[in-house]
Amino acid sequence: MSTTPRPGSLRSLLNGFVSLALTRAELFGIEAHEQQERMIGHLVTGVAAMVALLIGLIAFLLFVMVITPDDLRAAVLGALASLFLVAGAFLLWWLKRRLALAPTPFSNTLTEVRKDWQTLSGRETP
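Computed from a predicted model, the values in this text were never measured in an experiment. (Residues numbered from 1 in each chain as written. Predicted model: local features only at pLDDT ≥ 70, side-chain atom pairs only at ≥ 80, totals over all residues. Heavy atoms only, no water.)

**Student:** Give a description of the overall build of the protein that names residues and reports values.
**Tutor:** Helix and strand counts for the protein stand at three helices and zero strands. Each helix and strand of the protein, ordered N terminal to C terminal, gives the series α-α-α. Against the compact-globule benchmark of 14 Å for 126 residues, the protein has a radius of gyration of 28 Å, which places it well outside the compact range. For the protein, the C-alpha atoms occupy an extent of roughly 95 × 30 × 10 Å along the three principal directions. Burial status across the protein gives 11% buried among its 126 residues. The contacts in the protein between residues at least 6 apart in sequence include a share of 64% that link residues at least 24 apart. (Helix = DSSP H or I, 4+ residues; strand = E, 2+ residues; numbered from the N terminus. Rg over C-alpha atoms; globule rule 2.2 N^0.38 Å. Buried < 20%, exposed > 50% of the residue type's maximum accessible area, 1.4 Å probe, protein only. Contact = heavy atoms within 4.5 Å.)

Laid out in structure tokens, this is it:
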């Protein structure tokens, strides 16, 4: 007896559904891994930016305090603090924009499952 089910049989149909489900599960797994890598990259970028800004700010402000005459110290430090605040705000805006432009998680899987459902329900031809 052959182990391959006859085309059109219930077993053949079931094998097709199982194969389709496994393919979609693999796609979901790949997208989950990609999403994880993206999130880790964003987190590392954000933390590195914050650490670099903080260290740079402290070192630069100490340097400026040393070389600035006493009567100008307050004005210079205020200007530098403003500059660093603007730079930090820009970096956070850039990160937020980058996150907003990132693809929706699992969008490829959902698109393929919707296509499969339409095809199986007879609404669309493959």
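**Student:** Any chance you could break down the UniProt feature "transmembrane region" (unreviewed entry) in the protein for me, citing the residues and the numbers?
**Tutor:** Listed under "transmembrane region" (unreviewed entry) in the UniProt record, and renumbered for this structure, are residues 42-68 and 74-95. Along residues 42-68, the helical share is 96% and the strand share 0%, with 38 Å between the first and last C-alpha atoms. Regarding residues 74-95, the helix share stands at 100% and the strand share at 0%, and the terminal C-alpha atoms are separated by 32 Å. (UniProt positions renumbered as here; feature names shortened; annotations may be inferred.)

**Student:** Residues and numbers for the domain arrangement of the protein, please.
**Tutor:** Domain parsing of the protein yields domain 1 (10-67) and domain 2 (72-120). The centre of domain 1, based on its C-alpha atoms, is set 12 Å off from the matching centre of domain 2. At the junction of the two partners, domain 1 supplies 22 residues and domain 2 supplies 22 residues. Across the interface of domain 1 and domain 2, roughly 2,000 Å² is buried in total on both sides, 76% from carbon and sulfur atoms. On the domain 1 side of the interface with domain 2, the three residues burying the most area are Arg-24, Glu-31 and His-42, jointly 28% of the side's total. For the pair domain 1 and domain 2, the number of links is one residue pair in polar contact (both at pLDDT 80 or more). Class assignment of the residues belonging to the side of domain 1 that touches domain 2 gives a composition of 14 nonpolar, five polar and three charged. (Domains from an automatic or database assignment. Buried area = accessible area lost by both parts, 1.4 Å probe. Polar contact = N/O pair within 3.5 Å; in protein donor to acceptor, adjacent residues only side chain to side chain. Nonpolar A, V, L, I, M, F, W, Y, C, P; charged D, E, K, R; others polar.)

**Student:** Describe the packing of aromatic side chains, listing the residues and the values that go with them.
**Tutor:** Counted by the stated rule, this structure contains two aromatic pairs. When the ring of Phe-60 is compared with that of Phe-84, the centres are 5.9 Å apart and the planes differ by 65°; the resulting orientation is edge-to-face. Of this pair, Phe-60 sits in helix H1 (residues 10-67) while Phe-84 sits in helix H2 (residues 73-101), and the two are 24 residues apart along the sequence. By relative accessible area, Phe-60 is classed as partly exposed at 35%. (Phe/Tyr/Trp six-rings, centres within 6.5 Å; stacked < 30°, edge-to-face > 60°.)

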